[in-house]
Amino acid sequence: MINRLKQASPAVVDGPLALPDKPNGIHEHERVLVLEAGRAERHYWRDLWTYRELFAILAWRDLAVRYKQTAMGVAWALIRPILSMLVFTVLFNRVAKLPSVGHAPYSVMVFAGMLPWFLFSTILADASISLVNNSNLISKVYFPRLIVPSATILVALADFAITFALLILMMAWYRFFPDWRLIFMPFFLVLAILASLGPALYITALNVKYRDFRYIIPFILQFGLYVSPVGFSSTVVPQKWRLLYSLNPVVGVIDGFRWCLLRGESQFYWPGFFLSIAAVVVWLWLGIWYFRKTERTFADLL
Amino acid sequence: MKSDVVIRAEALGKKYLVGHDVQRERYTTLREVITRKVRRLARMGANGFRATMGRGHEVEEFWALKEIDFEIKRGEVVGIIGRNGAGKSTLLKVLSRITEPSEGRVSIKGRVASLLEVGTGFHPELTGRENIYLNGAILGMARAEIRRKFDEIVAFAEVERFLDTPVKRYSSGMHVRLAFSVAAHLEPEILIVDEVLAVGDAAFQEKCMGKMKGVAKTEGRSILFVSHNMMAIKQLCRRGIWLQSGEIRKTGPIDEVVEAYTVSVHDKLQSGIFSRHAVTGDGRVELVSYSVSNPNSNANLPLTTKEDMLFRINLRVKEDIRQSACGISIFNEFGVLMTSINTVELGTPFPQLAAGDATVCVRIRETVFLPGSYTASFWVMNPQGHIHAMAENSIAFELAQTPLYGTCQVDHQWGCVYSDVEFSVAPTAT
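The model shown is predicted, which means the values in this text are computed figures rather than measured ones.

### Brief notes about the overall build of chain B
Right, on to step 1. Each helix and strand in chain B was counted, giving ten helices and 18 strands.
Right, on to step 2. Classification of the 430 residues of chain B by burial places 49% in the buried group.
Right, on to step 3. Long-range contacts, defined as pairs at least 24 residues apart, comprise 72% of the intrachain contacts of chain B with a sequence gap of at least 6.
Right, on to step 4. Here chain B has roughly 21300 Å² of accessible surface; of this, 50% comes from carbon and sulfur atoms.

This is the structure we're talking about:
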């Protein structure tokens, strides 16, 4: 096992170094990059911005590969939510006799919850293996590593769009359409992405460090599916547990989606929602912190 | 920093911690960590707290680079040479920001791009066109920049007809050409080239060399070139840095550095003294020393495939041996027996050994072994197979890279032996 002893990091120092003989293409003011042990990374976020094109192209690559490699790409994005929706509706509504929210058809309610859930699980699953899958890049080229797991968001969003189209078809079938609250969906979509990113980054870093961690991820996702209000409404959770239940960041996101998609038929539980948002923020901070902490050793580990 | 210096390394060092309990595994598994923790807890319970302090898992420092100082000026082409494990790759990794130094500092002026391995970041499912954009972005080119140079890149790579074919259907040659072409059209102030020219056909290698020379000369870019191919290094570079065990052994004009390096490799590997306890037998013969050389060349040319190989074994005969025989076995670096032959099987009479010093010469004509590291065993016996002296795997030698199959980077993936092959195709008569 090889580990770096000192955590070192590069930093960029701006220096107006006028060059007397400058060949074409070389700017008059060049930045001098200083690589040194233990130097604080003051320019990480700026670096992230400079590499935005790489982010776009990696995301585009993942998307192109996903839908090129297999005709199954699109089919998978269709089949998975439909089957899950059927199973949940039969299981929780017909068998367990759980109520829907207000007048919304049960399957529509399930579907509205599955939208953010699948976004969450796709980001988590894809991001967690992204670094290992791109190990040849990581060990050969420098760029802020945060780009790689973040780029998986785009693929998840493409799947999200397909699932969303399905939901619209279903709503047309049930003649149950959202009202003005729909305009808040972008907000909840962003919240869903942020809620996914935190745990995803944490797990991604763990996955590089402990290569057998990937066996645990499907379990985490399966577990998450049942503890999150995907197949049922969070209103069935007893009132005294509701606040505790909202510690799960996905709860607030799913409730938000249902609120804006189901004409407010699901009542908003504000204390829980704020708690969920707090959980999202904490996870995001934790994920980024741990990712950044371990990032410097990725090239040595992969 | 002086204005014409683009890279300056000062007392650069890179340390790795090598753990002995987890051998060669760079990543750990959760299972390992948990079992280790549990075991430690158990030990703590049994022996009290002090037991945990003494015997943790041992960690040893390993300096991949130590006290490295150098400067590279604008437009300079510098060759970095050294044996495997000398720290060349680590140095390049530090310079390209993939890993950070543990000591000292490096100042870099301008954009660094590395051409580390062929097709890094190529995606097999994507087409040539898509991969140009992908690879360009990975190497740090802006989209607009790639678009501007697109035609040039394609023309240089000679892949016009296959632009919309997924690269998984490309031949390895096309793959390399495209990869190099993208990187060559990058406009970094500093280009790092690690052994990429080794692949691809001879004509394309020539073309790449020309391109790199031009880039350095007319555009004022600096190139750091790592290769085991001394011919290429000498052709391209003006200055050389020779790394040995993480330290700079010699820097200076490329010819001097390459010369010194070649001599050292030659000296170190191709001759030696048998250590006393490595030799077994009844003691009537003592094996003293050996050398392996290329008998066909008057100069100090390295051993290579298709050339003759001469083993000289110096031995001391304690008492006259009327009937004797000797044999040799050669193994490759994976311990595969390449050849084994002795004089009895050959049917050649072996002269009587008189007491005193003698040298046995074994000549292998037109070696077919591919470049790489080898070891040999040598023994002296009587015709019935009774061993007088035997040195097992004690002769180490190396066959240097030489143009084979139109490339200079033949390794074990090409098999064990060189064969003079010809492919042809003809319609089958029905």
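### Considerations on the overall build of chain A
Right, on to step 1. When you go through chain A residue by residue, the secondary structure sums to twelve helices and three strands.
Right, on to step 2. For chain A, restricting intrachain contacts to residue pairs at least 6 apart in sequence, the fraction spanning at least 24 positions comes to 79%.
Right, on to step 3. Surface exposure of chain A reaches about 13700 Å², of which carbon and sulfur atoms provide 69%.

### Quick word on the pattern of salt bridges
All names here are of chain B.
Right, on to step 1. Applying the stated criterion to the full structure yields 16 salt bridges over all chains.
Right, on to step 2. A salt bridge links Arg-129 to Asp-164; the shortest N-O distance between them is 3.1 Å. Here Arg-129 is found in helix H4 (residues 128-138), whereas its partner Asp-164 is found in the loop between helix H5 (143-157) and helix H6 (172-184), with 35 residues between them in sequence.
Right, on to step 3. Of the residues examined, Asp-164 reaches a relative accessible area of 54% and is grouped as exposed.
Right, on to step 4. The residue Asp-357 makes a salt bridge to Arg-316 at a minimum N-O spacing of 3.1 Å. Taken together, the residues span a long stretch of sequence, with Asp-357 in strand E16 (residues 356-364) and Arg-316 in strand E13 (residues 309-317) at a distance of 41 residues.
Right, on to step 5. Here the salt bridges do not stand alone but share partners, grouping Glu-286, Arg-316, Lys-318 and Asp-357 into one network.

### Section: the sheet that holds E16 of chain B
Residue and element names in this part refer to chain B.
Right, on to step 1. Here four strands make up an open sheet; going across it, the order is E10-E12-E13-E16 and the pairing antiparallel. At either end of the open sheet lies a strand with only one pairing partner, and these are strand E10 (271-273) and E16. The average undirected angle you get between the axes of adjacent strands in this sheet is 20 degrees.
Right, on to step 2. With eight bridges connecting them, strand E12 (residues 285-293) and E13 associate as antiparallel partners. Paired with Ser-289 across the two strands is Asn-314, which belongs to E13.

### Some words on the nonpolar core
Right, on to step 1. Core analysis: the largest hydrophobic core is formed by 137 residues, its most contacted members being Phe-257, Leu-261 and Leu-262 of chain A together with Ile-132, Ile-223 and Phe-225 of chain B.
Right, on to step 2. At 16 residues, the largest contribution of residues to this core is made by helix H4 (residues 106-133) of chain A.
Right, on to step 3. If we ignore the near neighbours within four places in the chain, the residues touching Leu-262 of chain A are Val-101, Ala-104, Val-108, Met-109, Ala-112, Met-171 and Phe-176 of chain A.

### Some remarks on the packing of aromatic side chains
In this description, an aromatic ring pair is defined by two values, namely the gap between the centres and the angle between the planes.
Residue and element names in this part refer to chain A.
Right, on to step 1. Taken as a whole, this structure holds 30 aromatic pairs over all chains when the rule is applied.
Right, on to step 2. Aromatic pair Trp-289 and Tyr-290: ring centres 6.3 Å apart, planes at 45 degrees, arrangement tilted.
Right, on to step 3. The exposure class of Trp-289 is partly exposed, given its relative accessible area of 41%.
Right, on to step 4. Assessed through its relative accessible area of 8%, Tyr-290 is described here as buried.

### Here's the deal with the packing of H4 of chain A against helix H7 (residues 185-209) of chain A
Residues and elements named next belong to chain A.
Right, on to step 1. Running from N to C, H4 and H7 cross one another at 30 degrees; their axes reach a closest spacing of 8 Å. Comparing their axes, H7 and H4 come out roughly parallel. Between H4 and H7 lies a crossing whose hand is right-handed. On the side of H4, the interface is formed by Pro-116, Leu-119, Phe-120, Ile-123, Leu-124, Ala-127, Ser-128, Ile-129, Ser-130, Leu-131 and Val-132, while H7 contributes Leu-189, Ala-192, Ile-193, Ala-195, Ser-196, Pro-199, Ala-200, Ile-203, Thr-204, Asn-207 and Val-208.
Right, on to step 2. Looking at the contact of H4 with H7 residue by residue, the classes come out as 17 nonpolar, five polar and no charged.

### Comments concerning the environment of Ile-203 of chain A
Right, on to step 1. With respect to the helices and strands, the residue Ile-203 of chain A is situated in helix H7.
Right, on to step 2. Measuring from C-alpha to C-alpha, the distance between Ile-203 of chain A and Arg-214 of chain A comes to 8.8 Å, with eleven residues separating the pair along the chain.

### Here we look at the side chain of Thr-304 of chain B
Right, on to step 1. As for its placement among the helices and strands, Thr-304 of chain B is situated in the loop between E12 and E13.
Right, on to step 2. In this structure Thr-304 of chain B touches Thr-367, Leu-399, Ala-400, Gln-401 and Thr-402 of chain B, once residues within four positions along its chain are discounted.

Reading the values: rules and limits
- Residues numbered from 1 in each chain as written.
- Chains lettered and ligands numbered in written order.
- Predicted model: local features only at pLDDT ≥ 70, side-chain atom pairs only at ≥ 80, totals over all residues.
- Heavy atoms only, no water.
- Helix = DSSP H or I, 4+ residues; strand = E, 2+ residues; numbered from the N terminus.
- Buried < 20%, exposed > 50% of the residue type's maximum accessible area, 1.4 Å probe, protein only.
- Contact = heavy atoms within 4.5 Å.
- Areas by Shrake-Rupley, 256 points an atom, 1.4 Å probe, with all protein chains shown as cover.
- Salt bridge = Lys/Arg side-chain N within 4 Å of Asp/Glu carboxyl O.
- Pairing = 2+ DSSP bridges.
- Axes fitted to C-alpha atoms, helices over the stretch in contact; angles between N-to-C directions.
- Core = buried A, V, L, I, M, F, W, Y, C linked by side-chain atoms within 4.5 Å.
- Phe/Tyr/Trp six-rings, centres within 6.5 Å; stacked < 30°, edge-to-face > 60°.
- Parallel < 35°, antiparallel > 145°, perpendicular 65-115°, else oblique.
- Left-handed = near helix turned anticlockwise from the far one by under 90°.
- Nonpolar A, V, L, I, M, F, W, Y, C, P; charged D, E, K, R; others polar.

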